[in-house]
Amino acid sequence: MKFRSLFMALLSAAFMVGCAEQLPPVETFVEAEDPTPLTAEEQAEWDNVKSGLNGAWATIDSLYSRSIVPQVAPVKTLRLSGWKGERLSAQILLWSKDAADGVRVEVAPLKGDKDEVPTERIQARFVRYTLADKSDAHCLCNRKTDHPAVLVPDMLDSLSHFDMAAQTVRPVWLTVYLPMFMDAGVYKSKITITDNNGDKVRLPFEVEVVEEAIPEPMDWKFHLDLWQHPAAVARAEGLELWSDEHFEAIKRNCRLLQAAGQKVITTTLNKDPWNHQCYDAYEDMIKWTLKKDGTWSYDYTIFDKVIKTMMDVGIYRYINCYSMLPWNYELDYFDEAKGEKVTVKAKPGTPMFEKMWGPFLTDFYRHIDEDLMIASSVNIAADEREPEDMDEAIRVLNKYAPDLHFAMADNKYSFRKYNNVRDVCIALRQPIGQEDFDLRHKTNYITTYYVCCSTHFPNTLTYSQPFEAELLPWLSLAKGFDGMLRWAYNSWPENPQYDSRFAKFASGDTYFIYPYARSSIRFERLIDGIEAYEKAKMLMYDFTVSNRAERLEPLNKVLERMRTTKPQDKEQPWNQILRDAIKALDDISRRNGEN
């Protein structure tokens, strides 16, 4: 009797454990259908897939179809290498010819001889698929509406588990956050993936931690400027504009940006500086009022709160204010005498331009200098304006606020004419001479480059190969730039997780991350490249001051190849060039401790 009672108790316990492992259906959005039909051969490949859940390590350099059986070289144990404080990226592919519900990923701690990296510092995220443009050298800023679409993996979701449909592939993105203070050495762990059917995939991996340490992102030298769009956060997350909840959401989304080493806060001076080129218009941060007595007043409440919010996140080097040169030259203000909002066109060179901007600049400088005490961080900014417009803007700025600096995205070489453009960004395809770099470095001015939808390769579009995002900071290093700019961190289309395309822009051109602070493959690879920039800069300095510069030769050879090869030349084996650069950097990292 006692034996029977014990048996029933054990059976009941086993049943309860089994039930606990059966995870409920995932409540999430439904991805788009794959617009590319499978060929007969591709469909037949699924018949050869073994039953149950399949998984393998895969390269982080490729985009994998959701519908095609992946072809991956078997890797028994993945090997990564990094500095203390660095974040490392890896990718797993899962596929199944039958439905696999409740797929979850369990990570064991990374264990070394004396130390370990806890599971809390190892993040596994399911990658989601979105519609994108098919990669094409002609699919740029004037994409045709009938350009063919494809389905690509991009968003890193925050789901604890995932339901896989039959005959589908699901990538999993792995991020390892190495602690700043840990022993150098080799650390070992394994990933275990299970589902409600009881299937298991085990994938071992190890990390070689070298003796070097990378600083915190806020101390990185790389000048990253990704333009933020606060109003898009409110719309995409269903929040009241400028409410407390909205500002908390801005913080949440921009913490990812701070972790990438962002240096610039994006603000506006009047109405939308870009004439509503995004799905969401940029909302006013400063309210202009023409009072009945003919004087002006300016309400900086939202402007101030945006700056405080971003500074609280840890972004504060520059505050770039757009724009004295809005794309349609229009300004809005409230006319007290009329009791209504008025829109005027203040084109540079007309009396209206100085009439509007003169009083504002005087009061604006007083506010940022006396009230906020941040004048040294503020730049009046412009984006790709004509030289004659720039001349007038600089003239008026120097007349009414001579202590203010200017920032500009410049495709006309206008920056060479002025001595107060301390933050200039040129197009990657635009040649710039060493004399320009030397002159600007003498004054500690920033010189970066940008890519946008006019650049097919390299880029960070959703159809771009992932390695392109990591290549961009390497090009900054090779060509002597201080960093890079991209015009849109979160200017989301209507539903980016479903469709990354918007208007005439190539897909993904308008954003890096997704609503509710969800990262992307593109953004993670960009950070990988920025970390490489930081490590290379540190090693170049260390080896030079210690008279060991000859040890930099393998890295310098790859950088010279990057410097002298046009990035637009896709015939070059750019992925291999990047791999060679990473290997050279890893090799000299290990040797820095040697005499």
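It should be noted that the structure appears before, not after, this text.
Rules behind the numbers
Residues numbered from 1 in each chain as written. Predicted model: local features only at pLDDT ≥ 70, side-chain atom pairs only at ≥ 80, totals over all residues. Heavy atoms only, no water. Core = buried A, V, L, I, M, F, W, Y, C linked by side-chain atoms within 4.5 Å. Buried < 20%, exposed > 50% of the residue type's maximum accessible area, 1.4 Å probe, protein only. Helix = DSSP H or I, 4+ residues; strand = E, 2+ residues; numbered from the N terminus. Contact = heavy atoms within 4.5 Å. Axes fitted to C-alpha atoms, helices over the stretch in contact; angles between N-to-C directions. Parallel < 35°, antiparallel > 145°, perpendicular 65-115°, else oblique. Left-handed = near helix turned anticlockwise from the far one by under 90°. Nonpolar A, V, L, I, M, F, W, Y, C, P; charged D, E, K, R; others polar. Pairing = 2+ DSSP bridges.

**Q** Report on the nonpolar core, specifying residues and quantitative values.
**A** If you look at the biggest cluster of nonpolar residues, it comprises 114 residues, and the most contacted ones within it are Phe364, Trp474 and Met562. The leading source of residues in this core is helix H10 (residues 521-545), at ten residues. Other than its neighbours up to four places away in sequence, Phe364 contacts Leu269, Ile286, Tyr300, Phe303, Cys321, Val378, Ile380 and Leu404. Formed by 30 residues, the second largest nonpolar core is a distinct cluster that contains Leu78, Leu174, Ile191 and Phe205.

**Q** Got a sec to walk through the packing of helix H6 (residues 351-371) against helix H7 (residues 387-400)? Specific residues and values, please.
**A** Remark: H6 packs on H7, axes separated minimally by 9 Å, with the N-to-C direction vectors making an angle of 40 degrees. When the interaxial angle is binned, H6 and H7 end up oblique. The hand of the H6/H7 crossing is right-handed. Of the residues in H7, those touching H6 at Phe353, Glu354, Trp357, Gly358, Leu361 and Thr362 are Glu392, Ala393, Arg395, Val396, Leu397, Lys399 and Tyr400. Of the residues assigned to the contact of H6 with H7, the class counts are seven nonpolar, two polar and four charged.

**Q** Outline the packing of helix H11 (residues 553-564) against helix H12 (residues 574-591), supporting the account with residue identities and numerical values.
**A** Where H11 contacts H12, the axes come no closer than 8 Å and their chain directions differ by 155 degrees. In terms of orientation, H11 and H12 fall into the roughly antiparallel class. Relative to H12, H11 is oriented so that their crossing is left-handed. On H12, the residues touching Pro554, Leu555, Val558, Arg561 and Met562 of H11 are Trp574, Ile577, Leu578, Asp580, Ala581, Ala584, Leu585 and Ile588. Grouping the constituent residues of the contact of H11 with H12 by class yields eleven nonpolar, no polar and two charged.

**Q** Outline the pairing of strand S17 (residues 318-322), listing residues and values.
**A** With five of five residues buried, S17 is to be regarded as a mostly interior element. Neither face of S17 is exposed, since Tyr318, Asn320 and Tyr322 on one face and Ile319 and Cys321 on the opposite face are all buried. As judged from the five bridges shared by strand S14 (residues 264-268) and S17, these two strands associate in the parallel manner. Bridging across to S17, Ile265 finds its partner in Ile319. Summarising the sheet, S17 and strand S20 (residues 378-383) pair through four bridges and their orientation is parallel. Within S20, the residue paired with Tyr322 across the bridge is Ala381.

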